[in-house]
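Spelled out from the first residue to the last, the chains are:
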Amino acid sequence: MVTALSFDIAHMLAGGLVLVSFMLLYQDRLHGLINTYALHALVLSASVAWQAWAQGAPHLYVTAAVALLFKALVIPLALHRIIRRLGIHRDIENVVGIGLTMLTGMGLVALSMVVMLRIAADADPLAREDLAMALAVVLLGLLLMVTRRNAIGQVVGFMSLENGLVLAAAGARGMPLVVEISVAFSVLVAFIVIGIVLFRIRERFDTVDIRALDDFRGERR
Amino acid sequence: MQATATLLTVVSALLAVAVPAVALSRRPWAGTLVYGVSLAASLAGLGVALAALLAGAGSELTLPLGLPWIGARFRIDALSAFFLAVVNLGGAAASLYGLGYGRHEEAPHRVLPFYPVFLAGMNLVVLADDAFTFLVSWEFMSLASWALVLAHHREAANRQAATVYLVMAGFGTMALLLAFGLLAGTGGEYGFSAIREAVRDPAVSSLALVLALVGAGSKAGLAPLHVWLPLAHPAAPSHVSALMSGVMTKVAVYGFVRIVFDLIGEPAWWSAILLLALGGGTAVLGILHALMERDLKRLLAYSTIENIGIVFACLGLALAFRADGMGWAAALALTAALFHVLNHSLFKSLLFFGAGAVLTATGGRDMERLGGLIHRMPATALFFLAGSIAISALPPFNGFISEWLAFQAILQSPELGGWGLKIVVPAVGGMLALAAALAAACFVRAFGVSFLGRPRTPEAGTAREADRFSLAAMGSLALLCLAAGTLPGFVIDALAPVTRLLVGGAMPLQADRPWLSIVPIAESRSSYNGLLVFAFIVLSASLSAFAVHRLASSRLRRAPAWDCGFPVAGAATQYSAGGFAQPFRRIFGTTVFAAREEVTMPPPGDMRPARLSLAIHDPVWERAYLPLARAVDALAGRLNRLQFLTIRRYLTLVFLFLVALLLVLALWT
């Protein structure tokens with residue numbers, strides 16, 4: 001049952017996820033970015049596990065375990081391997097400066113808080129706070145995707161966005177397990193597809209900078 | 001067997017013959033097969049529909065097709081039985097005509113597969129008893145007729161006509177889709193029975209009525225949604241033109257009557273005024289266009305617009321009377337509308353068949369290149385004359401009856417409640433009277449220029465009479481026109497169940513009147529006896545013919561025809577179609593169509609001929625449609641750039657849009 005302590009812990013873990021999203025925003029090295037993403041997934045896993053305990057919903061433990069196994073271990077390791085095989089250890093350039101990105105991120109967090117607290121005023125406070133945090137994580141993930149030029153950066157942005165969705169799903173009571181598992185596996189499949197595409201891009205253009213794709217289409221920027 | 005099941009069998013027979021028609025359409029006997037089966041099926045459908053109408057037995061059937069929780073529902077009541085009779089009568093006549101006319105078709109493989117499908121689609125629309133089946137059948141009908149319009153696609157004009165038609169048909173179906181969506185409400189119950197029972201907001205009903213008017217009106221050719229009709233109807237082969245003009249527009253009228261009189265319930269007070277004004281305006285605009293037109297088939301298409309205007313004005317009148325609780329007057333107006341629906345399907349099919357015969361015989365539709373056809377094609381000329389008299393609303397043919405009933409209904413308008421209607425109805429009556437007079441002038445011109453005088457071209461001079469199937473189709477329609485004109489009481493009595501269903505009243509029973517006269521309200525008001533008028537016309541005409549032959553000098557005297565003191569032999573000196581239209585063009589055309597005549601007279605000594613150039617503008621097309629098309633084009637050009645953005649730009653757009661939506665949400669609530 002929702003006691004004050006369990007609410008606070010859930011709140012803290014979800015807030016931690018938002019904080020790690022901010023950390024993702026200012027990573028300018030690929031390895032750092034991937035490690036931070038692993039941390040992101042770890043916090044997500046802890047948050048979902050806490051929800052499982054607080055809601056007394058054992059199937060959420062499975063979700064937490066899936067998050068821990070795939071998102072915190074398998075995917076980061078695979079990404080590291082990809083980077084080694086592609087041989088890109090150089091800095092990632094941000095399109096806009098880090099300061100501006102962080103400011104925008106704060107604005108987004110404020111926006112999602114305002115929206116969620118208003119439209120879900122009569123919902124369960126645990127779910128409501130969770131949803132607000134989850135929306136913030138989703139928006140920050142999108143922001144990450146928008147501000148990166150490197151394809152790996154966009155993949156990480158996409159994955160962190162998906163973590164936000166899982167957080168929202170865990171907060172909603174009665175979400176069937178099959179939905180969560182299928183979401184988890186679809187992300188895995190998406191990751192595989194993106195990985196393959198990355199190598200294809202690399203084979204063809206000798207880089208994973210997506211500017212090469214634009215040049216290939218003959219576009220001006 | 002149940003009527004609905006029989007008619008669905010008829011429809012499946014039509015659909016079944018379309019399948020082998022695809023493969024066999026190039027064989028010489030394929031036309032006979034397709035038109036023969038269509039003729040038999042239409043006659044069977046006509047019989048079933050008439051039996052259902054006269055016996056008053058409704059029937060229902062639900063097939064497990066379409067949306068899973070509804071199925072495809074079909075139902076015959078008095079209204080659909082009447083329209084099924086109209087559809088199948090027109091279908092039978094067109095199929096009979098097609099048996100002969102189809103032999104001259106240069107692209108039978110583009111006509112034969114679609115023709116029975118078109119007939120089946122029109123039957124299905126009238127049979128449908130849920131919105132889903134109705135809309136699917138409606139699209140079926142539209143697309144089949146679109147394919148037929150495109151049959152002679154090598155002519156650029158036909159391709160343009162087909163494009164305009166497709167756009168307008170899609171637009172109309174969208175309006176109907178939205179109308180049914182509004183009527184079905186959030187529950188999504190699409191069966192007509194549930195829609196009929198539902199209670200809804202008056203604003204929703206009004207919006208649905210306007211959408212139905214746009215959707216059905218665009219198919220029927222109601223101004224200002226008529227622009228596709230004079231392009232598309234003449235582009236199809238003539239028997240299909242007859243079907244589109246004579247029958248498909250009636251299916252559109254059916255859709256409107258079904259929605260507005262049956263499904264919506266009590267519509268808003270202004271709907272009657274809207275219908276009356278649109279109907280009157282459409283009638284006048286359509287017939288003015290027809291008067292200016294040189295192309296025989298386009299002239300007929302414009303005249304269809306006029307007749308649709310008359311029908312819609314009568315429907316508006318019926319709505320007004322029903323809203324005032326004057327059931328007898330509403331029944332009179334609705335009977336006039338439905339009678340005119342039947343009449344127009346008869347004589348417009350007949351006239352299109354005649355135009356098709358002329359087209360086959362001379363290879364052209366331009367009236368300025370015809371003339372003197374009465375000598376080469378006497379039977380066609382006679383039937384075309386019968387159709388012209390009927391459409392000009394002259395006794396003893398049927399057109400007179402329905403227009404007379406319409407004016408009888410208009411004369412009841414002083415008893416209406418609202419002052420708006422008291423003022424609008426007589427004005428619309430004036431417009432209908434003007435349209436009727438102009439229609440007479442228009443068909444005097446059409447018949448006189450095409451069939452009388454001397455041939456203007458060698459093609460017209462060597463024309464050959466139409467084949468016997470075509471003549472049989474035209475002759476039977478002409479006979480039906482005469483029969484409906486001389487014995488209108490039977491038709492009025494047959495329409496009584498329809499009016500009782502829709503407005504809760506009926507005209508007095510006509511069958512027991514002495515001498516087969518018709519009495520719309522009571523003897524003291526007015527009555528008409530078609531048979532007596534016919535007998536008088538026949539008698540006086542025979543007497544005068546007899547007198548002329550007996551009493552006139554028997555000496556043979558030969559004199560040049562059309563020789564007004566100007567004995568030039570050239571056929572070009574005859575009164576031309578353009579010349580006939582000139583007074584109307586000067587009176588109406590300068591304001592309505594911005595018609596400008598310009599005479600270029602070369603100075604003395606210059607050998608060039610003098611020239612008269614004429615410019616006519618369609619106000620609706622140039623003021624409404626062209627600016628709209630340009631705006632859509634410009635917008636599409638702008639949006640086209642969105643196709644060529646970078647991946648990151650797309651992501652940014654999605655992101656910004658999401659943030660904007662969230663901001664709206666945050667500020668709004």
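No experiment lies behind these values; they were computed from the predicted model shown.

(A) Representation of the overall build of chain B. A count of helical and extended segments in chain B gives 25 helices and 4 strands. Over its C-alpha atoms chain B spans a radius of gyration of 26 Å, differing by no more than 12% from the 26 Å that the globule rule assigns to 669 residues. Along the longest, intermediate and shortest principal axes, the C-alpha atoms of chain B span 100 × 70 × 60 Å. Relative to its 669 residues, chain B shows a buried fraction of 55%. Considering only intrachain contacts with a sequence separation of at least 6, the fraction spanning at least 24 residues in chain B is 80%. Of the accessible surface of chain B, which amounts to about 28300 Å², a share of 68% is contributed by carbon and sulfur atoms. Taken together, the 45 basic and 34 acidic charged side chains of chain B have centroids lying 8 Å from each other.

(B) Quick peek at the overall build of chain A. Helix and strand counts for chain A come out as 8 helices and 0 strands. Reading the helices (α) and strands (β) of chain A from amino to carboxyl end gives α-α-α-α-α-α-α-α. Evaluated residue by residue, chain A yields a buried proportion of 51% over its 221 residues. A fraction of 74% describes how many contacts in chain A between residues 6 or more apart in sequence connect residues 24 or more apart. Of the roughly 10000 Å² of accessible surface on chain A, a fraction of 69% belongs to carbon and sulfur atoms.

(C) Looking closely at helix H4 (residues 98–119) of chain A. Across its 22 residues, H4 of chain A extends 31 Å between first and last C-alpha, which sits within 8% of the 32 Å expected from 1.5 Å per residue. Those residues of H4 of chain A that sit buried are Thr101, Met102, Gly105, Leu108, Val109, Leu111, Ser112, Val115 and Met116 of chain A.

(D) Layout of the confidence of the model for chain A. Summarising the model, chain A shows a mean pLDDT of 79, and 79% of its residues fall at 70 or more. Per-element mean pLDDT across chain A ranges from 68 in helix H7 (residues 177–205) of chain A up to 89 in helix H2 (residues 30–55) of chain A.

(E) Spatial organisation of helix H18 (residues 419–451) of chain B. For H18 of chain B, built from 33 residues, the straight-helix expectation of 48 Å at 1.5 Å per residue is met to within 8% by its first-to-last C-alpha distance of 48 Å. One or two steps after H18 of chain B, the chain reaches glycine 453 of chain B, where phi turns positive at roughly 75°.

(F) Broad picture of the packing of aromatic side chains. All names here are of chain B. Inspection of every chain in the model, using the stated rule, returns 19 aromatic pairs over all chains. Ring centres of phenylalanine 82 and phenylalanine 83 lie 5.3 Å apart, and the angle between their planes is 75°; this geometry places the pair in the edge-to-face category. Per residue, the accessibility class of phenylalanine 82 equals that of phenylalanine 83, and both read buried. Aromatic ring contacts, followed pair by pair, group Phe134, Trp138, Phe180 and Phe192 into a single cluster.

(G) Spatial organisation of the domain arrangement of chain B. When the domains of chain B are assigned, the result is domain 1 (270–544), domain 2 (582–615) and domain 3 (619–668). Computed over C-alpha atoms only, the centres of domain 2 of chain B and domain 3 of chain B are separated by 46 Å.

(H) Spotlight on the packing of helix H16 (residues 378–391) of chain B against helix H20 (residues 468–486) of chain B. All names here are of chain B. Packing of H16 against H20 brings their axes to within 10 Å, and their N-to-C directions diverge by 30°. In terms of crossing hand, the pair formed by H16 and H20 is left-handed. Contacts from Ala379, Thr380, Phe383, Ala386 and Ala390 in H16 reach Leu471, Met474, Gly475, Ala478 and Cys481 in H20. Split into classes, the residues belonging to the contact of H16 with H20 amount to 8 nonpolar, 2 polar and no charged.

(I) Inspection of the environment of serine 12 of chain B at higher detail. Locating serine 12 of chain B in the fold gives a position in helix H1 (residues 3–24). A polar contact is formed between the side chain of serine 12 of chain B and the backbone oxygen of threonine 9 of chain B, at a distance of 2.8 Å.

(J) A look at the side chain of serine 205 of chain B. The residue serine 205 of chain B is located in helix H9 (residues 202–220) in this model. Setting aside chain neighbours within four positions, we find serine 205 of chain B in contact with Arg200 and Ile264 of chain B.

(K) Representation of unusual backbone geometry within the structure. Residue and element names in this part refer to chain B. With omega at 0°, the peptide bond leading from alanine 223 into proline 224 counts as cis. Along the polypeptide, proline 224 turns up in the loop between H9 and helix H10 (229–235). Looking along the chain, the bond that leaves proline 395 and enters proline 396 is cis, with omega of 10°. Position of proline 396 relative to the elements: it lies in the loop between H16 and helix H17 (398–411). Of note in the backbone geometry, alanine 594 takes a positive phi value of approximately 50° without being a glycine. Mapped onto the fold, alanine 594 is located in the loop between helix H23 (577–592) and strand E3 (596–600). Overall, alanine 594 belongs to the partly exposed group, its relative accessible area being 28%.

(L) Inspection of a nonpolar patch on the surface at higher detail. Residues and elements named next belong to chain B. Together, Leu635, Leu639, Leu642, Tyr650 and Leu653 give the surface a local cluster of nonpolar side chains, amounting to about 460 Å² of exposed area. Of all the secondary structure elements, the ones that give two or more residues to the nonpolar patch are helix H24 (619–640) and helix H25 (647–668). Leucine 635 sits in the exposed class, given a relative accessible area of 53%.

(M) Representation of the pattern of salt bridges within the structure. Residue and element names in this part refer to chain B. Within the structure shown, the criterion is met by 15 salt bridges over all chains. Between arginine 75 and aspartate 77 there is a salt bridge, with its nearest N and O atoms 3.8 Å apart. Of the two residues examined, arginine 75 and aspartate 77, each falls in the buried class. Glutamate 459 is the partner of arginine 369 in a salt bridge, and the nearest nitrogen-oxygen pair spans 3.8 Å. Taken together, the residues span a long stretch of sequence, with arginine 369 in the loop between helix H14 (327–362) and helix H15 (373–376) and glutamate 459 in helix H19 (residues 458–461) at a distance of 90 residues.

(N) Geometry of the state of the cysteines. Residues and elements named next belong to chain B. Throughout the structure, instances matching the rule amount to 0 disulfides over all chains. Not engaged in a disulfide, the cysteine cysteine 314 finds its nearest cysteine sulfur in cysteine 481; these two sulfurs lie 18 Å apart. Its relative accessible area of 3% is what places cysteine 314 among the buried residues. Cysteine 442 takes part in no disulfide bond, and the closest cysteine sulfur to it belongs to cysteine 481, at a distance of 17 Å. Residue classification places cysteine 442 among the buried residues on the basis of a relative accessible area of 0%.

(O) Up close: the environment of alanine 38 of chain A. All names here are of chain A. Mapped onto the elements of the fold, alanine 38 is located in helix H2. Residue classification places alanine 38 among the buried positions, given a relative accessible area of 17%. Linking alanine 38 and alanine 64, residues 26 residues apart in sequence, is a C-alpha distance of 14 Å. In this structure alanine 38 touches Lys71, Ala72 and Pro76, once residues within four positions along its chain are discounted.

Conventions and cut-offs
- Residues numbered from 1 in each chain as written.
- Chains lettered and ligands numbered in written order.
- Predicted model: local features only at pLDDT ≥ 70, side-chain atom pairs only at ≥ 80, totals over all residues.
- Heavy atoms only, no water.
- Helix = DSSP H or I, 4+ residues; strand = E, 2+ residues; numbered from the N terminus.
- Rg over C-alpha atoms; globule rule 2.2 N^0.38 Å.
- Buried < 20%, exposed > 50% of the residue type's maximum accessible area, 1.4 Å probe, protein only.
- Contact = heavy atoms within 4.5 Å.
- Areas by Shrake-Rupley, 256 points an atom, 1.4 Å probe, with all protein chains shown as cover.
- Lys, Arg positive; Asp, Glu negative; His and termini not counted.
- Charge placed at Lys NZ, Arg CZ, Asp CG, Glu CD.
- Expected span 1.5 Å × (residues − 1).
- pLDDT = per-residue confidence, 0-100.
- Phe/Tyr/Trp six-rings, centres within 6.5 Å; stacked < 30°, edge-to-face > 60°.
- Domains from an automatic or database assignment.
- Axes fitted to C-alpha atoms, helices over the stretch in contact; angles between N-to-C directions.
- Left-handed = near helix turned anticlockwise from the far one by under 90°.
- Nonpolar A, V, L, I, M, F, W, Y, C, P; charged D, E, K, R; others polar.
- Polar contact = N/O pair within 3.5 Å; in protein donor to acceptor, adjacent residues only side chain to side chain.
- Patch = residues over 30% accessible without salt bridge, like charges linked within 9 Å, V, L, I, M, F, W, Y side chains within 5 Å.
- Salt bridge = Lys/Arg side-chain N within 4 Å of Asp/Glu carboxyl O.
- Disulfide = S-S within 2.5 Å.

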